[in-house]
Amino acid sequence: MISGILWRAVLVAIALVTIGVQADRQTRRTPALAQKVPELFRSAAQMPVAAYALAGDDPSYALAEAERLVRRRPLPAEHLRVLAQAQFAARQIDESALSIQYAAQRGWRDPLAQESMLRLALAAGNAPEAARRYAALFLRRDTEDALLEELGPPVLEEAGGEGRQTLIEIVGGGDRWHNQFLHRGARVMPPDAFVEIVNATTANGVRYECPLLEQVERNVRTRDESSATQLARIIEDQC
C-alpha cells in the first residue's frame, strides 16, 4: 500500500519535472511562454524573462532577473550583455562597463556588445581597439549599413592613423572576405579611408578581382570624386 503510494508519487514527480523541462525548451521557439515556466526549471526561459524585465520600467527587477540569468548560464556573451544593460539602467555604471567588456571578450558575434566596446574604445582614445570592433561589426551581414556609416568616420578619421592601420592588417590577413570588404566598404566607409586601405593592402600583396574593383570605383565616384580618381590609379597598376 505505502510502496504503491510512493511509486505513484515518484511518477508524478517525474512527470512534473519532464513538463517543466519541456516547457523551458519550448521557449527557444516561443519566447512568450517564458514567464509561464516555473522558476525552478528556467534555463533557456531565463533569457527572455530577463529581456522582458529589461524592457520594463523597474530597473531593480530587471537587474535581479539578469543576475539570475548569469548565475544559471554564465557562459553566453549575450547573457553578460543583458546584465550590463540592466546594471546601467540601475545606475551601476562601473559594473556595467566591466560586464560589457567581459561580454565582448567572450562573444565577437554579439553586435550590441561589439558596438558598446567600440564606443568605449573611442571614448578612451584607443583607435586600434575601436577598429577591431568595427571590423567585427562589418563582418556581420545583419549589421545595418547605417550603423557602419555612423561609426566609420570616428574610427577611421585620421589618414595613416592607427584605426586605418589596424583595418589594413585585418583586411590584408583575411583572404576569404576581400570581396565583402570591397562591396560593403565602398558603401559604408569614408571614401578616402576605403581607398587608403585598398591601396595599402594592394601594396602588401593582396590581389583583388579587377571587375569588382572597377565596379566599386564607380560606386566610390558617386560619393567622392577625388577618392575615386585615386582608386582608378590603383586599378590601372593592378589590372
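Residues numbered from 1 in each chain as written. Predicted model: local features only at pLDDT ≥ 70, side-chain atom pairs only at ≥ 80, totals over all residues. Heavy atoms only, no water.

Draft legend 1. Looking closely at the nonpolar core. Counting residues in each nonpolar core, the largest one holds 37 residues, and the members touching the most others are Tyr134, Phe181, Leu182, Met189, Phe194, Val198 and Leu231. Among the secondary structure elements, those contributing two or more residues to this core are helix H6 (111-123), helix H7 (127-139), helix H8 (145-156), helix H9 (162-172), helix H10 (178-188), helix H11 (191-203), helix H12 (210-221) and helix H13 (225-238). Looking at this core element by element, the count peaks at six residues for H7. With near-sequence residues (within four places) excluded, Val198 lies in contact with Phe181, Leu182, Tyr208, Leu213, Leu231 and Ile234. Core analysis: the second largest hydrophobic core is formed by nine residues, Ala50, Leu80, Leu83 and Ala86 among them. (Core = buried A, V, L, I, M, F, W, Y, C linked by side-chain atoms within 4.5 Å. Buried < 20%, exposed > 50% of the residue type's maximum accessible area, 1.4 Å probe, protein only. Helix = DSSP H or I, 4+ residues; strand = E, 2+ residues; numbered from the N terminus. Contact = heavy atoms within 4.5 Å.)

Draft legend 2. Representation of the packing of aromatic side chains. Taken as a whole and judged by the stated rule, the model has six aromatic pairs. Between Tyr134 and Phe138, the ring centres sit 6.4 Å apart and the planes meet at 40°, which makes this aromatic pair tilted. Note that Tyr134 and Phe138 are positioned in helix H7 at a spacing of four residues, about one turn of the helix. Looking at Tyr134, the relative accessible area reads 0%, which means it is buried. Each ring, one from Phe181 and one from Phe194, has its centre 5.3 Å from the other, and the planes form 35°; the classification is tilted. Taken together, the positions of Phe181 in helix H10 and Phe194 in helix H11 put the pair 13 residues apart, joining distant regions of the chain. Taken individually, Phe181 and Phe194 each receive the classification buried, so the pair is uniform in this respect. Clustering of aromatic rings is evident, with ring pairs tying together Tyr134, Phe138, Trp177, Phe181, Phe194 and Tyr208. Positioned over the ring face of Phe138 is Arg184, at 5.9 Å from the centre of the ring. (Phe/Tyr/Trp six-rings, centres within 6.5 Å; stacked < 30°, edge-to-face > 60°. Lys NZ or Arg CZ within 6 Å of the ring centre and 35° of its normal.)

Draft legend 3. Fine view of the packing of H10 against H11. Running from amino to carboxyl end, H10 crosses H11 at an angle of 155°, the nearest separation of the two axes being 9 Å. Classed by the angle they form, the pair H10 and H11 counts as roughly antiparallel. Like other packed secondary-structure pairs, H10 and H11 cross with a definite hand, here left-handed. Residue-level contacts link Phe181, Leu182, Gly185 and Ala186 of H10 to Phe194, Ile197 and Val198 of H11. (Axes fitted to C-alpha atoms, helices over the stretch in contact; angles between N-to-C directions. Parallel < 35°, antiparallel > 145°, perpendicular 65-115°, else oblique. Left-handed = near helix turned anticlockwise from the far one by under 90°.)

Draft legend 4. Region of interest: helix H3 (residues 59-72). Under the 1.5 Å per step criterion, the end-to-end length of H3 is 20 Å for 14 residues, consistent within 8% with the ideal 20 Å. Looking only at H3, the buried set comprises Ala62, Leu63, Glu65, Ala66, Arg68, Leu69 and Val70. (Expected span 1.5 Å × (residues − 1).)

Draft legend 5. Examining the confidence of the model for the protein more closely. The pLDDT averaged across the protein works out to 77; a share of 76% of its residues lies at or above 70. Between residues 3-28, whose pLDDT stays under 50, and residues either more than four places distant or in other chains, the model counts 19 contacts. (pLDDT = per-residue confidence, 0-100.)

Draft legend 6. Geometry of unusual backbone geometry. Look at Arg91: it is not a glycine, yet its phi comes out positive at around 65°. Relative to the elements of secondary structure, Arg91 occurs in the loop between helix H4 (77-89) and helix H5 (93-106). Arg91 gets classed as exposed once you look at its relative accessible area, which sits at 74%.

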